[in-house]
Structure formats: structure tokens, C-alpha cells
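Summary of the model geometry
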Amino acid sequence: MSDLNRNDPCHCGSGRKYKQCHMKADQARSKFGKATRDVNEVITPQTIPYFYWKEWNNARLRGEFAFLWDMTHVDGDYRGRFSDQGDFLVKAQSHPLPGGPDWHLKKIKVDEKTAHLLSIRGEDDPRTHSFDVEMMHLVRIPEGWRLFDVKTDRLEKDSDTFLSFDIFGVETAELAHHKRVVDGFERPDLADRPDEEDDDEDSAGDAGPSAPETDTDGGEESAETSA
């Protein structure tokens, strides 16, 4: 393949010129196709989703595109967006990849075999009236977590939309509970207790310890109240 001229027929047998077919993919494989690290040594069955997210961002910053490809699920929707590894290596140089230094991880939802990581970008940028939301969907295989799919959306900063996984169709109890709180729901065990000032005076003898006494000479309290 390295001996092919730009205008030679492509080695894949398509009949197209090499420059119009696999040349860019071959060049990308030559430059980025060799993984500098073994994904199975970095992402193990013990790796938690948060550290997967950290490793993804570190590899992204270093341009370890082959390693990122290995971090994706073989049968996942995200990998399915590319014809093969070469196509991914080519597009990774010019198309935005998931994650990055501008994204801030906000929420993680983990089940036995799946994990969802919700990140935002641009929320504190005063120049914009909206911010980006990204959800990475991970699936656990015997070797550890792998990226199955990525979804993104854009929300208005003045929107009443509650930031949750439900934005991307992942049902959780979080949104339902949020709506109940907005509607005035309060946990009974946290509700304010009624004043006891009108209790029967006959029960005064059964009262607990009295409040700390104060010295009559203007000194400090004989005991401190708890914070």
C-alpha cells in the first residue's frame, strides 16, 4: 500500500483512484493506528465509570485515537457511525469527539451492566444564552466498560428544563421526584415540628435537661450549645 501512487487504482479493488478512496485512511492508520497503550490493561473489570471518563479525556487530549477506538464497544451505536477504524481515525482529526477539557461531569447513573454519564459545557460562559449537554452510554463487557453511544443536546440557560438523564430518554426516578418537590412535596421526617410552648404546665416536671445556665456576673455561658 505504501508503494501506491495517488493516482493508482485503490488497493481495495473499488476501481477508484487511491487518493479518492483509501489514501487518507491509510495515512491515518500509519500515523494514529498503533495504540500506545493496551486498553485491557488501562480499563479493567474493576475500573469504575468515572475513571473511564477520565481516561477517555486524557487519551483525547493526547491524540491517542487508536486507543479511543479500542475504548468503544464493538457492537455499539457509536462505533457503527464509522465504516471501520481507518474512517474513525480520519474523522477524529477534524470532527469533534465526545468529552474534552471543556466538559464538566455532572451526574453518573450506574446499573449492573450499563452506565450513563451526563456532562455539560458552556454553562458559565457569559457570551452564550445556551449550553451543551452530553450523555455517554457505557456498557460493561467482561474486560470492563466500553463506550456504546453518545448523545448531545443544547439547552437554553433560562430554560426550566431539569438537568437529568430523562433529556435523552433514560427514565429515572429523579425527574419525578423533582416535580414533586416543585409542587410542594416535603418529606414528613424533615417537616417542622409544631411549637410546644402551649404544652400543659403539669408536664413541665417531665421536661428534659434545661438550657445551659449563664453566670450572673456577666461571664461566659457555663456550657456551649451545639452548632
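Rules of the game
Residues numbered from 1 in each chain as written. Predicted model: local features only at pLDDT ≥ 70, side-chain atom pairs only at ≥ 80, totals over all residues. Heavy atoms only, no water. Helix = DSSP H or I, 4+ residues; strand = E, 2+ residues; numbered from the N terminus. Buried < 20%, exposed > 50% of the residue type's maximum accessible area, 1.4 Å probe, protein only. Contact = heavy atoms within 4.5 Å. Expected span 1.5 Å × (residues − 1). Arc of directions from axis to C-beta. Phe/Tyr/Trp six-rings, centres within 6.5 Å; stacked < 30°, edge-to-face > 60°. Lys NZ or Arg CZ within 6 Å of the ring centre and 35° of its normal.

1. Looking at the side chain of His 116
- Turning to its location among the elements, His 116 is positioned in strand β2 (residues 114–121).
- Look at His 116 and you get buried, because its relative accessible area is 8%.
- In this structure His 116 touches Lys 107, Ile 108, Lys 109, Met 135, Met 136, His 137, Phe 165 and Val 170, once residues within four positions along its chain are discounted.

2. Topic: helix α3 (residues 49–62)
- In this model α3 runs 20 Å from its N-terminal to its C-terminal C-alpha over 14 residues, within 8% of the 20 Å that 1.5 Å per residue would give.
- Residues Pro 49, Tyr 52, Trp 53, Trp 56, Asn 57 and Ala 59 constitute the buried set of α3. For α3, the angular spread of the buried residues around the axis is 165°, confining them to a single face.
- If you follow the buried residues of α3, they end up packed against α4 (65–70), β1 (104–110), β2, β3 (130–141) and β4 (144–156).
- Following α3 by one or two positions, Gly 63 has its phi on the positive side, about 70°.

3. Quick look at the packing of aromatic side chains
- This model, assessed by the stated rule, comprises 4 aromatic pairs.
- Considering the side-chain rings of Tyr 78 and Phe 82, the 5.5 Å spacing of their centres and the 70° angle between planes classify their relative orientation as edge-to-face. Across this residue pair, the class does not change: Tyr 78 and Phe 82 are buried.
- Relative to Phe 88, the ring of Phe 82 lies with its centre 5.1 Å away and its plane at 85°, an arrangement referred to as edge-to-face. Side by side, Phe 82 and Phe 88 carry an identical accessibility label, which is buried.
- By the ring-pair criterion, three or more aromatic residues cluster together here, those being Trp 69, Tyr 78, Phe 82 and Phe 88.
- Taking NZ or CZ as reference, Arg 37 lies 4.3 Å from the ring centre of Phe 67, over its face.
- The side chain of Arg 79 reaches across the aromatic face of Trp 69, ending 4.2 Å from its centre.

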